[in-house]
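Chain by chain, the residues run as shown.
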Amino acid sequence: MSTDSQQNAHHSPVLEFKSSSFSVPVLVLTSNDIVIIEQQLQEKIHQAPEFFKNSPLVFDLQEVNKLDLDIDVTELTGIIRKLGLLPIGIRSGTTQQNQQALELGIPIHSGHSTTASFETQKQQTPEPEQIAEPQFVAAISTLITQPVRSGQRIYAEGDLVILAQVSAGAEIMAEGNIHVYGSLRGRALAGVQGNTEARIFCFDLQAELISIAGNYKISEDLNGTVPNQPVQIYLQNHALVIKDI
Amino acid sequence: MARIIVVTSGKGGVGKTTTSAAIATGLAKRGHKTAVIDFDVGLRNLDLIMGCERRVVYDFVNVINGEATLNQALIRDKNCNQLYILPASQTRDKDALSQEGVGKILDELKKDFKYIVCDSPAGIEKGAHLAMYFADDAFIVTNPEVSSVRDSDRMLGILSSKSRRAEQNQEPIKEYLLLSRYSPDRVKLGEMLSVDDVQEILSLHLLGVIPESKSVLNASNSGTPVILDEKSDAGQAYADIVARYLGEDRPHRFIDDKKGLFGKLFGRR
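Residues numbered from 1 in each chain as written. Chains lettered and ligands numbered in written order. Predicted model: local features only at pLDDT ≥ 70, side-chain atom pairs only at ≥ 80, totals over all residues. Heavy atoms only, no water.

**With respect to the overall build of chain A**
- Within chain A one finds 7 helices and 15 strands.
- Taking all 245 residues of chain A together, the buried fraction comes to 36%.
- Considering only residue pairs separated by 6 or more positions, chain A has 36% of its internal contacts joining residues 24 or more positions apart. (Helix = DSSP H or I, 4+ residues; strand = E, 2+ residues; numbered from the N terminus. Buried < 20%, exposed > 50% of the residue type's maximum accessible area, 1.4 Å probe, protein only. Contact = heavy atoms within 4.5 Å.)

Given below as structure tokens:
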């Protein structure tokens with residue numbers, strides 16, 4: 001046994017946890033009438049059967065609960081599955097609904113204000129301060145003055161400013177904008193947490209890949225761009241636009 | 001104060017060992033007491049290039065394991081009495097090296113030597129990592145072709161993030177570019193990257209260009225570092241490199257054909 005564990009110690013790790021974001025359709029319900037829901041859902045699916053076939057789905061009960069309508073999660077899950085969709089989450093359910101979902105093996109997503117807080121708000125008189133005001137978090141920007149070499153990865157939680165070159169095989173990522181005041185030959189991913197307003201600015205675009213909020217272009221698609229020309233890259237109608245500055 | 005120089009590249013076959021042998025000999029010939037260490041445990045080559053393969057008794061791993069003292073393992077060069085070689089072990093692998101052991105040997109050598117040249121193995125694994133970890137200066141040996149350039153770039157990234165100087169937030173390792181196996185004719189034909197191309201990709205200080213030369217293979221086969229072949233273009237290129245490293249201002253040669261006149265006169269190809 002001990003030799004086994006010793007051998008295992010020399011093995012390289014076979015698993016790793018990574019964080020990844022997915023785009024999943026959310027079914028927002030405004031009625032608790034299962035019959036009508038089934039009918040309308042079927043019509044929707046009929047319009048694009050390939051798109052909905054075995055598609056994962058999160059159902060959102062915020063509106064239903066706001067209207068104080070009682071909905072049977074078990075029954076709802078049943079018709080969703082019957083129509084060929086795969087429910088993978090419940091959002092904004094009450095404690096009871098969440099419990100029901102968990103029993104059916106459906107995870108709970110705390111996407112936005114859950115109805116639990118909605119319930120407490122109803123009980124207490126809502127204070128005006130509770131209206132969520134935009135919070136100003138000091139934008140953290142990361143400054144790199146050395147070349148980013150092949151194989152190096154840099155992740156910035158805010159903006160990323162690089163005063164040197166980014167070599168082929170390097171990867172730079174930022175939740176905000178990316179500025180490169182040298183040649184950009186590696187991969188640059190701005191708005192990695194889904195900020196579609198993020199932009200990439202660079203003095204010399206020769207990148208292997210550029211991406212904003214998951215929309216990307218690879219080097220082959222950049223053939224039209226001229227090297228040694230300052231450009232900015234931004235998102236317009238889900239397409240990357242490369243423009244001279 | 002002693003300086004530790006690592007000769008590294010990432011890619012194999014670009015001329016690390018040839019360069020290590022030439023640089024170490026060049027430094028020693030100019031009167032600096034120099035040691036050259038072969039970090040390529042399991043694929044020992046430096047002793048062949050230095051022509052001391054028949055005098056190896058103890059090796060690097062023996063010293064790390066305490067089976068021999070450093071003085072027992074160091075081999076004095078037959079051409080130059082200021083030069084000592086610490087050969088690698090041929091029967092072991094890189095796991096025989098430990099950071100602690102290497103650090104101890106380098107500290108001991110530092111007391112006695114002016115320059116310590118570490119001949120790195122190819123790759124970016126343990127052997128290469130330990131060869132560069134304690135370095136003060138790095139000679140990046142690159143061939144003018146894309147895969148070698150990219151591997152060098154990767155190595156530069158490792159130097160700037162995983163060396164002792166980087167980990168202890170000291171002044172970073174000084175990095176120098178040595179472009180080897182350079183052939184101006186082929187650059188002209190567009191078959192090879194030019195000096196400018198490589199420098200643009202790596203943005204690194206160029207210490208010298210070593211031309212592709214028959215003399216390198218001859219030198220290897222005969223076990224005399226090519227720098228001792230003063231008539232050869234490659235030997236002169238290495239002499240220039242040593243001089244520039246020591247602070248002399250020498251114009252670059254062998255970059256284009258005109259300046260390569262010496263090479264032509266002395267039977268290059």
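And the narrative resumes.
**Re the nonpolar core**
All names here are of chain B.
- The biggest cluster of nonpolar side chains holds 52 residues, and the ones touching the most others in it are Phe39, Phe60, Leu86, Val102, Leu106 and Leu109.
- Filtering out sequence-adjacent residues up to four positions away, Phe60 remains in contact with Ile37, Asp38, Phe39, Leu86, Pro87, Ala88, Leu97, Val102 and Ile105.
- Judged by nonpolar contacts, the second largest core, of 36 residues, contains Ala22, Ala28, Leu46 and Leu207. (Core = buried A, V, L, I, M, F, W, Y, C linked by side-chain atoms within 4.5 Å.)

**Points about the sheet that holds strand 1 (residues 26-28) of chain A**
All names here are of chain A.
- With parallel pairing, the 4 strands of this open sheet are ordered in space as 1-2-3-4. This sheet does not close on itself; its edge strands, each paired only once, are strand 1 and strand 4 (108-109).
- Two elements, strand 1 and strand 2 (residues 56-60), share 3 bridges in a ladder whose sense is parallel. Bridging from a neighbouring strand, Val28 pairs with Asp60 of strand 2.
- Running at roughly 150 degrees to strand 2, helix 5 (residues 73-82) makes contact with strand 1, strand 2 and strand 3 (86-91) of the sheet. (Pairing = 2+ DSSP bridges. Axes fitted to C-alpha atoms, helices over the stretch in contact; angles between N-to-C directions.)

**Thoughts on the interface of chain A and chain B**
- On the chain B side, the residues contacting the 11 residues of chain A number 13 residues.
- Taking both partners together, chain A and chain B bury about 870 Å²; carbon and sulfur atoms supply 33% of that area.
- It is Arg149(A), Ser150(A) and Arg185(A) in chain A that bury the most area against chain B; as a group they hold 54% of the surface buried on that side.
- Between the two partners, chain A and chain B, sit 3 salt bridges.
- The salt bridge partner of Glu208(A) is Arg150(B), with a shortest N-O separation of 3.5 Å.
- Seen at the junction of chain A and chain B, the total is 8 residue pairs in polar contact (both at pLDDT 80 or more).
- Considered class by class, the residues forming the side of chain A that touches chain B number 2 nonpolar, 6 polar and 3 charged. (Buried area = accessible area lost by both parts, 1.4 Å probe. Salt bridge = Lys/Arg side-chain N within 4 Å of Asp/Glu carboxyl O. Polar contact = N/O pair within 3.5 Å; in protein donor to acceptor, adjacent residues only side chain to side chain. Nonpolar A, V, L, I, M, F, W, Y, C, P; charged D, E, K, R; others polar.)

**Section: unusual backbone geometry**
- Despite not being glycine, Asn237(A) has its phi angle at roughly 50 degrees, a positive value.
- With respect to the helices, strands and loops of the structure, Asn237(A) is situated in the loop between strand 14 (231-236) and strand 15 (239-244).
- Of note, the phi angle at Arg181(B) is positive, near 55 degrees, even though the residue is not glycine.
- By the element assignment, Arg181(B) lies in strand 7 (residues 174-182).

**Notes on helix 6 (residues 126-133) of chain B**
Residues and elements named next belong to chain B.
- Where burial is concerned, most of helix 6 is hidden: 6 out of the 8 residues are buried.
- What helix 6 keeps buried is the set Gly127, Ala128, Leu130, Ala131, Met132 and Tyr133.
- Here the buried face of helix 6 lies against strand 1 (3-8), helix 5 (99-112), strand 5 (115-119), helix 7 (146-162) and helix 8 (164-167).

**As for a nonpolar patch on the surface**
All names here are of chain A.
- On the surface, Leu143, Leu163, Tyr181 and Phe203 cluster together into a nonpolar patch covering about 400 Å² of accessible area.
- Here Leu163 shows up in the loop between strand 7 (159-162) and strand 8 (171-174).
- Judged by relative accessible area, Leu163 falls into the partly exposed class, the value being 44%. (Patch = residues over 30% accessible without salt bridge, like charges linked within 9 Å, V, L, I, M, F, W, Y side chains within 5 Å. Areas by Shrake-Rupley, 256 points an atom, 1.4 Å probe, with all protein chains shown as cover.)

**What about the sheet that holds strand 5 of chain B?**
Residue and element names in this part refer to chain B.
- The strand order across the open sheet built from 8 strands is 3-4-2-5-1-6-7-8, with neighbouring strands paired in mixed fashion. Edge strands, defined here as strands with exactly one partner in the open sheet, are strand 3 (75-76) and strand 8 (205-211).
- Its contacts with the sheet place helix 10 (residues 195-202) against strand 6 (137-142), strand 7 and strand 8, and it is angled at close to 150 degrees to strand 7.

**Observations concerning the pattern of salt bridges**
All names here are of chain A.
- Here the structure, examined in full by the defined rule, presents 21 salt bridges over all chains.
- Notably, a salt bridge pairs Lys82 with Glu38, separated by 2.7 Å at the nearest N-O pair. Of this pair, Lys82 sits in helix 5 while Glu38 sits in helix 2 (residues 34-47), and the two are 44 residues apart along the sequence.
- Looking at Lys82, the relative accessible area reads 60%, which means it is exposed.
- Of the charged contacts in the structure, one is a salt bridge between Asp60 and Arg91, with a shortest N-O distance of 3.1 Å. Linking Asp60 in strand 2 with Arg91 in strand 3, this pair joins segments that are 31 residues apart in sequence.

**Structural notes on the side chain of Ser120(B)**
- Relative to the elements of secondary structure, Ser120(B) occurs in the loop between strand 5 and helix 6.
- If near-sequence neighbours (up to four positions away) are discounted, Ser120(B) is found in contact with Val6(B), Val7(B), Thr8(B), Lys16(B), Phe39(B), Ala128(B) and Ala131(B).

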